[in-house]
Amino acid sequence: MTILVENLTVRKKEKPILKDVNCRFEDGHLSTIIGVNGSGKSIFLKALLGFEKKDGQVTFEKDHKISYIPQKVTADQYFTVFEFILLGLYGDLDFRVNDGQLAAIESVMDELEISDLADQQFADLSGGQQQLVVLAQALVRQPTVIIADEPTSALDIKKQLQYLQTLQRYVHRHQIVGIIVIHDLTLAARFSDSLYLMQGGQLISAGDPDRALQQERLEDLYGVELEMKETVDQHLAIIPLRPIEEGSR
Ligand SMILES: Nc1ncnc2c1ncn2[C@@H]1O[C@H](COP(=O)(O)OP(=O)(O)OP(=O)(O)O)[C@@H](O)[C@H]1O
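Everything numeric in this text was worked out from a predicted model, so none of it was measured.

Peer 1: So what exactly am I meant to see when it comes to the packing of aromatic side chains here?
Peer 2: Aromatic rings in a pair are described by how distant their centres are and how their planes are angled relative to each other. Per the stated rule, a full pass over the model turns up 4 aromatic pairs. Plain terms: the ring middles of Phe84 and Phe122 are 4.0 Å apart, the flat faces sit at 0 degrees to each other, and that makes the pair stacked. In this pair, Phe84 sits in helix α2 (residues 81-86) while Phe122 sits in the loop between α3 (99-111) and α4 (127-140), placing the two residues 38 residues apart along the sequence. Through pairs of rings, three or more aromatic residues link up here, namely Phe25, Phe44 and Tyr196.

Okay, structure coming up:
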């Protein structure tokens, strides 16, 4: 499964928001999109999903099943966490939940360390707990494409790592397409198989993380001075130091 994006343009109130975007998302890759607020990342994801009126083409190579995790999750009051995750199997469910389905739900809850939340009301959970439960629902559906918009924004640092590790492992193991938008550059560097920079509605890098994560390029993109160094486990840490003053470069 691959997704081919050709000459994708989206306009809002006649203003172009996405401008002639071309790229290809490969299966078995967790692809990350980074970029400043308002650069068009969410609209891009929605255009991939077919939620936006667009020019150009988005072609899915074969039959696909998408799990989409939006930026804001609406909490339905009436579901427990278990029931909420079970909804990921909507379409496959019969009058009873079979042993395989039960095992799949238990396994994903276990992996994300949310088993103890099973009987709680989804709406009563913290924002971070809700993000983990939404991922569990997305995975239990066994998608061939998973698209997530800032899925780790409410998580503590351990859960951010667990979340992205679980997601990347799933993408690799099942050879599916994973596409996420994320603001944390160190996490993006650590967990991206492909990495794209969005600037003013255009993708300005072709997906190679090493090329995308060049210091000067990122400093120009964000207007921030950065410190970049290798961690003890040979990943890149990207630390924002200070905004670059207008006209100082
Ligand atoms: N319905 C709309 N009408 C007009 N402009 C819109 C509309 N929806 C989005 N936009 C504009 O499109 C641009 C891109 O929005 P988008 O939500 O994709 O940004 P983003 O990169 O995801 O930002 P963030 O990092 O803040 O989530 C913004 O300038 C936004 O104001």
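Peer 1: How do you make sense of the environment of Asp149 when you look at a structure like this?
Peer 2: As for its placement among the helices and strands, Asp149 is situated in strand β6 (residues 145-149). Residue classification places Asp149 among the buried positions, given a relative accessible area of 1%. Each C-alpha atom of the pair Asp149 and Ile85 lies 19 Å from the other, and the pair is 64 residues apart in sequence. Apart from residues no more than four positions distant in its own chain, Asp149 is found in contact with Ser42, Leu45, Ile69, Pro70, Gln71 and Val181. Within the local environment of Asp149, its side chain forms a polar contact with the side chain of Ser42, the two groups lying 2.7 Å apart.

Peer 1: Explain the site of the ligand to me, please; I cannot follow it from the model alone.
Peer 2: Lining the immediate surroundings of the ligand are 14 residues, of which Gly38, Gly40, Lys41, Ser42 and Ile43 lie closest. At a separation of 2.8 Å, an oxygen atom of the ligand approaches a polar backbone atom of Gly38. Burial of the ligand by the protein chains amounts to 65% of its free accessible area of 650 Å². Take the shell around the ligand: its biggest share by element is 3 residues, from helix α1 (residues 41-49). In terms of residue class, the shell around the ligand is built from 3 nonpolar, 7 polar and 4 charged.

Peer 1: Even after reading the chapter, I still don't get the sheet that holds strand β8 (residues 194-199), so can you show me in this structure?
Peer 2: The strand order across the open sheet formed by 6 strands is β5-β6-β7-β3-β8-β9, and the pairing between neighbours is mixed. Two strands bound the open sheet, and with one partner strand each, they are β5 (66-69) and β9 (202-203). Here 4 bridges tie strand β3 (residues 30-34) to strand β7 (residues 177-181), and the two strands are oriented parallel to one another. Paired with Ser31 across the two strands is Ile179, which belongs to β7. Its contacts with the sheet put helix α8 (residues 215-222) on β3 and β8, and the angle it makes with β8 is roughly 35 degrees.

The rules behind the values
Counting restarts for each chain, with residues numbered from 1 along the sequence as it is written. It should be noted that, the model being predicted, local features are given only for residues of pLDDT at least 70 and side-chain atom pairs only at 80 or more, the latter also being counted only at that level, while totals for whole chains, interfaces and linings use all residues. Excluding hydrogens and water, the side-chain values take into account all heavy atoms of the structure. Within 6.5 Å between ring centres, the rings of Phe, Tyr and Trp (the latter by its six-membered ring) count as paired, and their orientation is classed by plane angle as stacked under 30 degrees, edge-to-face over 60, tilted in between. Numbering of helices and strands runs from the N terminus; a helix is a DSSP stretch of H or I covering at least four residues, while a strand is a stretch of E covering at least two. Per-residue accessibility, obtained with a 1.4 Å probe over protein chains only, is compared with the maximum for each type, and a residue is labelled buried under 20%, exposed over 50%, and partly exposed between these values. A contact between two residues is defined here by any heavy atoms of the two lying within 4.5 Å. Counting of polar contacts relies on pairs of N or O atoms within 3.5 Å, with two restrictions inside protein: one atom must be capable of donating a hydrogen and the other of accepting it, and residues adjacent in sequence are counted only when both atoms are side-chain atoms. Near, as used in this document, describes a residue that has one of its heavy atoms within 4 Å of the molecule or strand being considered. All accessibility values rest on the Shrake-Rupley procedure with a 1.4 Å probe; residue burial counts only the protein chains present in the view. Asp, Glu, Lys and Arg are counted as charged, while Ala, Val, Leu, Ile, Met, Phe, Trp, Tyr, Cys and Pro are counted as nonpolar; the rest, among them Gly, fall into the polar class. Whether two strands pair comes down to DSSP finding at least two bridges between them. In this description, a line fitted to the C-alpha atoms serves as the axis of each element, helices being fitted only across the stretch in contact, and the angle between N-to-C directions of two axes falls anywhere from 0 to 180 degrees.

Don't take any of this as a statement about function, it's just geometry.
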